[in-house]
Amino acid sequence: MDTVNTRFKWEEATGAAKYIADRHYEGLLEGRFYRSSCPRGRIKSVTLPSLPDGYHIFGADDVPGQNVLPIVEIDWPAFAEQEVRFVGQVIYLVVGPDPDVVDSLLNEIHVDYEPLTPAYTIEQSKALKDGAIHADNNVLDTHMLTKGDIQAGFANAVTIIEETCSTSYQEHIYLETQGAVCYLQDGKVVLEGSMQCPWYVHHTMAVVLGHDNVRAIQCPTGGGFGGKEDFPDVLAAPLAVAVEKLQQPIRLIFERGEDIATTSKRHPVTFHYKTGVDANGKIVAMDIKFDVNAGAYLSLSGIVLQRTITTATNVYDIPNVRVEGHAWATNTVPTGAFRGFGSPQNCFCMETHIHHVAKEVDADPVTFKQQHMLTSQSQSLTGAEIFGELVLDEMLQKVLDMSDYQRKFAEFSQMEETHPERLKGKSKGIGLAIFQHGCGFAGDLEDTLVRAKVKLVKEPDGTVQILASNTDIGQGLSLTFRKIVADTLNKHIDLVQVAVPDTGIVPDSGPTVASRSILIVGYILEKAAKKLKKMWLEGESQEIVEVYCKPDYHQWNQDTYQGNAYQATSYGANVVEVEVDMATGEAEITGAWAVYDIGKAIDGTIFRGQIEGGLVQALGYGSCEKLELTQDGVFAQRSMADYVIPTALDVPAIGSALVDNPYPYGPNGAKGGGELTHNGGAAAFAAAVEHAIGVPLSSIPVTPEKVCEALADGKSTQIKTISAGNGEPINED
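In this text, all values refer to a predicted model and were calculated from it rather than measured experimentally. (Residues numbered from 1 in each chain as written. Predicted model: local features only at pLDDT ≥ 70, side-chain atom pairs only at ≥ 80, totals over all residues. Heavy atoms only, no water.)

**Let's talk about the overall build of the protein**
The number of helices and strands found in the protein is 18 helices and 28 strands. Relative to a compact globule of 733 residues, whose C-alpha radius of gyration would be 27 Å, the protein shows 26 Å and is just as compact. With the principal axes as the frame, the protein shows a C-alpha extent of 80 × 70 × 50 Å. Of all 733 residues assigned to the protein, the portion counted as buried reaches 61%. A fraction of 81% describes how many contacts in the protein between residues 6 or more apart in sequence connect residues 24 or more apart. (Helix = DSSP H or I, 4+ residues; strand = E, 2+ residues; numbered from the N terminus. Rg over C-alpha atoms; globule rule 2.2 N^0.38 Å. Buried < 20%, exposed > 50% of the residue type's maximum accessible area, 1.4 Å probe, protein only. Contact = heavy atoms within 4.5 Å.)

Printed below as a string of structure tokens:
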């Protein structure tokens, strides 16, 4: 296959694209994983079956390099060897020509375990039964951050509100399940797959094989949402080991049930807030502690933890703050990347808590939020000056006007007060969320770790090819990259092509994650195009290489967690309107509105797709996407019949708008926005349901069952308010 040729999205649109399951390889073998059935234990002995000719089993003893998946830390083995930490952990890879025979061989493998007491929840992890899963305390990572003087802040408070807010798992449900094919070509081990980050896969194969004669190629990818950032490494490492030994191509594709059961999920997080309000109704102190369920191995949880801790106060300027976060090891599937990367959890919990604080002090929630919003003169939670102008007030007013929020809020509230018989019928509610998303990697990692590199190749006929490792997984990146380069060169877009992300051809411009593709990679493509335009020679071949260098204003101290946590921040505001059946608890979404500041959009139509997809995914996260662990540590939901996601019939037409606020270090003034669109919908939905039923809600998803329980109990959250009287200090403890 000639991977130099450009792949346009027309093939995906017409159904002609060859996904990994559609491709033919001579002598192809099929692979299946043998997985642990024990959630936590030591492997005592293994019985393997006799193998027919042409069938093979690979495990830890076959790894020529390191038996690890190098995802940030070296703690997750490619093949379990001495212990297992979760049901579904890979122990062996079985391969052969007939998948039915492979399945029968899997059933003949027997592993004898010495079981240990598993921990599925954070509370169980803290109990340390049968010792620690990790280190001596089960803490995979922890960070603390302070701003101002927390003790002095609480000393000035006349009211303290304490609350616990929480979020649950979320499954990616990308259209195409995890899949890859590995083969030998020109002396290299090559892996083609459904992936977001080819250079991550390249690195993993090099580590397990002990050499760099490897190559990773992204195939057309049917969605990712973060689920194909780190997890393709789980497939790539065993496949690379087996292919190097057998010298035959092997394909490994998950069925949907296997995909849901064993792949990474969004992290469940629990936030504990303690908030002090002074006599003027201003928040003067906030103590935030949060716990992240990381699953069996660290994976990307440390980076999720860092994002959560550095943006814990969302869009609000709180003078005195202490934030402490822990990522806990449990005996569950390792949680990993998911659109928003910690921000949807943080935004839901913080927005919900601020809303409840306002109600506890008898303030209008919208006015209360607006009084506490960041301004261009504020300092961030991490002590940095705000770069550029904030347009939060303009965004807020626009979304309030678009949704007719104030009139509806007053009308629905009056109906609640004057029509108690609503309990027998339907009740309306409306909710607001304001939120942010830091673009690019946290801290200075874009400059010190990744150092993105791109290349432009001009052919004698005037066509220009973009070489970068960032992948189009449905978000329209190939089009926006072409537009950036074509507009800068003042050439027709048909003259600009994008090379297939193939580590044998493209430089490492970093992964397709963290809303960095436009902000970081698009920016250096624009710079490269400016250089090419200046040096353009008709009828000649030319190459331009550009390497990222951070702006001078962007400073970060990783030891103190002070400075610019992100190079740029994008902002959003959502309003959701619902009608709740008070008998069944079902909430129908009757309106949804969204306003965003992403600098300046490269392509408004492309970003409209991000708005609608991201907001619908967020509404599912907040309403119906229930993923529960059983007593055996596996997910109760195993198919798309029992894991419910919203359809087009569940969401009305979404009203949306952008506020132009060009960012000088982004292409044509653009910032990132793909993850931002997921961050606010769940909070706005929960606030709308709460408004409709008149009972506070502090956890998602807000399912009909949860609504009915809240109505029956009269409450579904523990909000503790302490008042010491006007001007009298409150003991912080």
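**Let's talk about helix H5 (residues 198-209)**
With twelve residues, H5 ought to run about 16 Å at 1.5 Å a step, and its terminal C-alpha atoms sit 17 Å apart, in line with that. All of the buried residues along H5 are Pro198, Val201, His202, Thr204, Met205, Ala206, Val207, Val208 and Leu209. Where H5 is buried, its residues meet strand E4 (69-71), strand E12 (188-193), strand E13 (214-218) and helix H6 (232-246). Where H5 ends, the next residue or the one after it, Gly210, has phi of about 80°, a positive value. (Expected span 1.5 Å × (residues − 1).)

**Brief notes about the sheet that holds strand E16 (residues 283-295)**
Taken together, the six strands give an open sheet; going across it, the order is E9-E17-E16-E15-E10-E28, and neighbouring strands pair in mixed fashion. Each end of this open sheet is capped by a strand with a single partner; those strands are strand E9 (139-147) and strand E28 (719-723). In this sheet, adjacent strand axes meet at a mean angle of 10° when their direction is disregarded. With respect to the sheet, helix H8 (residues 301-310) is in contact with E9, strand E15 (269-277), E16 and strand E17 (321-329), its orientation differing from that of E9 by roughly 15°. (Pairing = 2+ DSSP bridges. Axes fitted to C-alpha atoms, helices over the stretch in contact; angles between N-to-C directions.)

**Topic: helix H18 (residues 704-713)**
For H18, the full list of buried residues reads Lys706, Val707 and Ala710. On an axial view of H18, the arc spanned by its buried residues comes to 100°, and they lie on one face. Structurally, H18 contributes buried residues whose contacts are with strand E25 (568-581) and helix H17 (681-693). Positive phi shows up at Gly714, right after H18, with a value of about 85°. (Arc of directions from axis to C-beta.)

**Brief notes about the packing of helix H16 (residues 604-623) against H17**
For the pair H16 and H17, the least separation of the axes is 7 Å and the interaxial angle reads 50°. On the basis of their axis angle, the class for H16 and H17 is oblique. As H16 packs across H17, the resulting crossing turns out to be right-handed. Together, Leu615, Ala618, Leu619, Tyr621, Gly622 and Ser623 of H16 and Gly681, Ala682 and Phe685 of H17 make up the contact between the two elements. The residue makeup of the contact of H16 with H17, split by class, is six nonpolar, three polar and no charged. (Parallel < 35°, antiparallel > 145°, perpendicular 65-115°, else oblique. Left-handed = near helix turned anticlockwise from the far one by under 90°. Nonpolar A, V, L, I, M, F, W, Y, C, P; charged D, E, K, R; others polar.)

**A short note on the sheet that holds strand E19 (residues 453-458)**
A sheet is described by the order of its strands in space; here four strands give the open sequence E21-E20-E19-E22, paired in mixed fashion. Of all the strands in the sheet, the pair left with one neighbour each is strand E21 (496-498) and strand E22 (542-547). The sheet shows a mean angle of 20° between the axes of neighbouring strands, direction not considered. Sheet analysis places E19 next to strand E20 (residues 464-467), joined by four bridges and oriented antiparallel. Looking across to E20, one finds that Lys455 is bridged to Leu467. The sheet strands contacting helix H15 (residues 517-535) are E19, E20 and E22, and the helix crosses E22 at an angle near 145°.

**Things to note about the pattern of salt bridges**
On inspection of all chains with the given rule, the structure shows 30 salt bridges. Put simply, Asp494 and Arg482 hold a salt bridge, and the shortest N to O gap is 4.0 Å. Here Arg482 lies in helix H14 (residues 477-489) and Asp494 lies in the loop between H14 and E21, a separation of twelve residues in the sequence. Here Arg482 falls in the buried class, since its relative accessible area comes to 11%. In this structure, the salt-bridge partner of Lys527 is Glu546, at a minimum N-O distance of 3.8 Å. Taken together, the residues span a long stretch of sequence, with Lys527 in helix H15 and Glu546 in strand E22 at a distance of 19 residues. (Salt bridge = Lys/Arg side-chain N within 4 Å of Asp/Glu carboxyl O.)

**Concerning unusual backbone geometry**
Negative phi values dominate among residues other than glycine, just as trans dominates among peptide bonds. Between Ile700 and the following residue, Pro701, the backbone shows a cis peptide bond with an omega angle of 5°. Positive phi values are uncommon outside glycine, yet Asp186 reaches one of about 55°. Secondary-structure assignment places Asp186 in the loop between strand E11 (179-185) and E12. When its relative accessible area of 75% is taken as the criterion, Asp186 is described as exposed. The backbone phi angle of Phe341 is positive, close to 55°, even though this residue is not glycine. Residue classification places Phe341 among the buried positions, given a relative accessible area of 10%.

**Observations regarding the packing of aromatic side chains**
Within this structure, the stated rule accounts for 18 aromatic pairs. Considering the side-chain rings of Tyr25 and Tyr183, the 5.7 Å spacing of their centres and the 35° angle between planes classify their relative orientation as tilted. In this pair, Tyr25 sits in the loop between helix H1 (10-14) and strand E1 (29-35) while Tyr183 sits in strand E11, placing the two residues 158 residues apart along the sequence. In this structure Tyr183 comes out as buried when scored by relative accessible area, which is 10%. Ring-pair connections join several aromatic residues into one group, and the members of that group are Phe387, Tyr523, Tyr553, Tyr663 and Tyr665. (Phe/Tyr/Trp six-rings, centres within 6.5 Å; stacked < 30°, edge-to-face > 60°.)

**What about the packing of helix H9 (residues 343-360) against H17?**
Relative to each other, H9 and H17 sit at 35°, their axes nearing to 8 Å. Seen from above, H9 lies across H17 with right-handed handedness. The residues of H17 that touch H9, namely those facing Cys347, Phe348, Glu351, His355, His356 and Lys359, are Ala682, Ala683, Ala686 and Glu690.

**Describing the nonpolar core**
Counting 99 residues, the largest nonpolar core has Val578, Val689 and Ile693 as its most contacted members. With nine residues, the single largest contributor to this core is H17. When sequence neighbours within four positions are dropped, the list of residues in contact with Val578 reads Ser427, Lys428, Gly429, Glu588, Ile589, Thr590, Phe685, Ala688, Val689 and Ala692. Within the second largest apolar cluster, 53 residues are counted, among which are Tyr169, Cys182, Val189 and Ala216. (Core = buried A, V, L, I, M, F, W, Y, C linked by side-chain atoms within 4.5 Å.)

**What about the pairing of E19?**
Here six bridges tie E19 to E22, and the two strands are oriented antiparallel to one another. Counted as the bridge partner of Val457 is Glu543 from E22. Linking E19 back to E20 in an antiparallel pair, the connection comprises five residues, with Gly462 at a positive phi of about 95°.

**Focus: a negative patch on the surface**
Judged by side-chain charge, Glu628, Glu705, Glu709 and Asp713 come together as a negatively charged surface patch. Mapping Asp713 onto the fold places it in helix H18. (Patch = residues over 30% accessible without salt bridge, like charges linked within 9 Å, V, L, I, M, F, W, Y side chains within 5 Å. Areas by Shrake-Rupley, 256 points an atom, 1.4 Å probe, with all protein chains shown as cover. Lys, Arg positive; Asp, Glu negative; His and termini not counted. Charge placed at Lys NZ, Arg CZ, Asp CG, Glu CD.)

**Some remarks on the side chain of Ser570**
With respect to the helices and strands, Ser570 occurs in strand E25. Residue classification places Ser570 among the buried residues on the basis of a relative accessible area of 0%. Of the polar contacts made by the side chain of Ser570, one reaches the backbone oxygen of Gly672; its length is 2.6 Å. In contact with Ser570, other than residues within four places in its own chain, are Phe435, Gln436, His437, Cys439, Asp597, Ile598, Lys671, Gly672 and Leu676. (Polar contact = N/O pair within 3.5 Å; in protein donor to acceptor, adjacent residues only side chain to side chain.)

By themselves these figures say nothing about function.
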